[in-house]
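# Coordinate inspection notes
Given next are the chains, with one letter for each unit.
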Amino acid sequence: MKKKKVFLACTVGILGIYFLFPYFIEVQIKDIPSSTLIYDENNEEIWEIVTDGKYRHIQKEINEIPDFLKKSLVVIEDKRFYYHSGIDYFGIIRAMKNNIFWTSREGASTIENQIVRNNYWLNETRSYTLKLKEFSKALALNKKYSKNEILEMYLNNINFWYMNFGVESASRYYYNKSLENLTKAEMIGLITIIKNPNKYNPITKLWNFNQRYQVLVDTLEKNNIITLEEKNEILQEKLTFSQWKKDNLPYVVDFLKKNISWNPDIIKTTISSHMTEQIDELAKTSLKTLAWKNVWDYSILIIDRNTMDLKVMIWGNNYDLENGQVNGSLALRQPWSALKPFLYAL
């Protein structure tokens, strides 16, 4: 009878620790600051200002992320994500068995584990003590947030290299388009990078990337996320990586950086990208015809006189030159300088 009471007390204690202990563990997930997106008058993106020079990040709500990407990621990264409590005990047993009997290195990290590790101990040497702390915080994370909130957190915080945090920023960087416009093959390409952004970098280590990409496509087919026909179509699709785009309106971007003291998520301007491109091309052509008069630079400012909206701002001939960052369009000059364009036209 006494043994039964002891056993019952121990069982209640263990269950109490399992269900109540996580509520007393503090878990704070850092917020990654968002980039600032600049748009022209037609809502076309001009540029993305990287926050503090180290964060390229665009937040996405869970319902804005394609279902295929979410389902595929869960199958690859944490197959029992929706069934465990932050710790995958079956995964731990499997990993221990394989590590002991098959001399292979295999982990059992859940999505919660990865979030905790990336927030607290990303660059620290792994140890059993650290792993226990990680498990306890993973349990706490699972108690504090719903599975959808955890998945949203994970998808927005993953490091994809080149200062990209989150799937939306990675999509824009590697494919130069937003998540909703990606093909299934391109989404799998993003998931391929997650395991080790350095090792599976599609820009510098394409062979490694392709090997893992093939494994992931096979895994998704075996788990009925894609059909055999879709698998063949995906493997036939050629992935093209853009690795960021050139800043076509550096003068506008530089002007905004110097004149905005906060970091808004979006800046909508009245700038006309199309008009700027046409005017700049016309000015460059004019320079060639005026070279014999020692004319080598120009600055242009165009304002719509009806609305007073700024349409074009070009500081000079070449932003990348030594003095190219001087804003000639707003620089103070003598009154007679205003007549120079007319004199050159003679």
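Scroll up for the structure.
Here is a short report on the structure shown in this document. Quick caveat, the model's predicted, so the values are computed rather than measured.

## A few points about unusual backbone geometry
Its identity as a non-glycine residue notwithstanding, Asn 176 has a phi of 60 degrees, on the positive side. Mapped onto the secondary structure, Asn 176 falls in the loop between helix 7 (167-175) and helix 8 (184-194). The class of Asn 176 is partly exposed, set by a relative accessible area of 42%. Of note, Asn 224 is a non-glycine position whose phi angle comes to about 65 degrees, a positive value. Note on placement: Asn 224 falls in the loop between helix 9 (206-222) and helix 10 (228-236). Here Asn 224 falls in the exposed class, since its relative accessible area comes to 68%.

## A look at a nonpolar patch on the surface
Judged by side-chain polarity, Leu 301, Ile 303, Met 308 and Leu 330 come together as a nonpolar surface patch covering roughly 380 Å² of accessible area. Within the element layout of this structure, Leu 330 appears in the loop between strand 7 (310-314) and helix 13 (340-345). The class of Leu 330 is partly exposed, set by a relative accessible area of 44%.

## Remarks on helix 7
One turn of the α-helix equals 3.6 residues, which is why residues spaced by three or four share an orientation. Among the 9 residues of helix 7, 9 are classified as buried, and the element is accordingly described as predominantly covered. Buried within helix 7 are the following residues: Val 167, Glu 168, Ser 169, Ala 170, Ser 171, Arg 172, Tyr 173, Tyr 174 and Tyr 175.

## Quick notes on the pattern of salt bridges
Scanning the model with the defined rule gives 14 salt bridges in all. Here Asp 67 and Lys 70 are joined by a salt bridge, their closest N and O atoms 3.2 Å apart. Here the residue Asp 67 and the residue Lys 70 both occupy positions in helix 2 (residues 67-77), the gap between them amounting to 3 residues, near one helical turn. The class for Lys 70 is buried, based on a relative accessible area of 13%. Note that Lys 177 and Glu 186 form a salt bridge whose closest N and O atoms lie 3.1 Å from each other. Using a relative accessible area of 27% as the deciding quantity, one classes Lys 177 as partly exposed. By sharing partners, the salt bridges in this structure join Glu 45, Lys 60, Glu 168, Arg 172 and Glu 180 into a single network.

## Here's the deal with the environment of His 57
Following the sequence through the fold, His 57 ends up in strand 3 (residues 56-57). For the pair formed by His 57 and Val 167, sequence separation is 110 residues and the distance between their alpha carbons is 8.8 Å. With residues near it in sequence (within four places) discarded, His 57 still touches Ile 32, Pro 33, Ser 34, Ser 35, Glu 48, Asn 156, Phe 165 and Ser 169.

Each value, and the rule that gives it
- Residues numbered from 1 in each chain as written.
- Predicted model: local features only at pLDDT ≥ 70, side-chain atom pairs only at ≥ 80, totals over all residues.
- Heavy atoms only, no water.
- Helix = DSSP H or I, 4+ residues; strand = E, 2+ residues; numbered from the N terminus.
- Buried < 20%, exposed > 50% of the residue type's maximum accessible area, 1.4 Å probe, protein only.
- Patch = residues over 30% accessible without salt bridge, like charges linked within 9 Å, V, L, I, M, F, W, Y side chains within 5 Å.
- Areas by Shrake-Rupley, 256 points an atom, 1.4 Å probe, with all protein chains shown as cover.
- Salt bridge = Lys/Arg side-chain N within 4 Å of Asp/Glu carboxyl O.
- Contact = heavy atoms within 4.5 Å.

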